[in-house]
Amino acid sequence: MSIPSTPSATSSSPPPSASTRDPAQGRLLLLTAILFISYLCVGMSLPVVPIFVTG
């Protein structure tokens, strides 16, 4: 009687590549980019505000 071969417990799957990202990570990256662009647009107009306030 022979023992059936089973996969070794020490064998590991290959590491995930960059193209197999978690969908939540993609949404987080998108949200971060949108917030960065939004703050950038608001921040670019702030130096002009004192000119309008004093004038």
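Residues numbered from 1 in each chain as written. Predicted model: local features only at pLDDT ≥ 70, side-chain atom pairs only at ≥ 80, totals over all residues. Heavy atoms only, no water.

**Observations concerning the overall build of the chain**
At step 1: Helix and strand content of the chain: 2 helices and 0 strands.
At step 2: Among the 55 residues that make up the chain, the fraction classed as buried is 0%.
At step 3: Carbon and sulfur atoms form 72% of the exposed surface of the chain, whose accessible area is close to 5,500 Å². (Helix = DSSP H or I, 4+ residues; strand = E, 2+ residues; numbered from the N terminus. Buried < 20%, exposed > 50% of the residue type's maximum accessible area, 1.4 Å probe, protein only. Areas by Shrake-Rupley, 256 points an atom, 1.4 Å probe, with all protein chains shown as cover.)

**Focus: a nonpolar patch on the surface**
At step 1: On the surface, a cluster of nonpolar side chains totalling about 450 Å² of accessible area is made up of L28, L31, L35 and Y39.
At step 2: Looking at Y39, the relative accessible area reads 62%, which means it is exposed. (Patch = residues over 30% accessible without salt bridge, like charges linked within 9 Å, V, L, I, M, F, W, Y side chains within 5 Å. Salt bridge = Lys/Arg side-chain N within 4 Å of Asp/Glu carboxyl O.)

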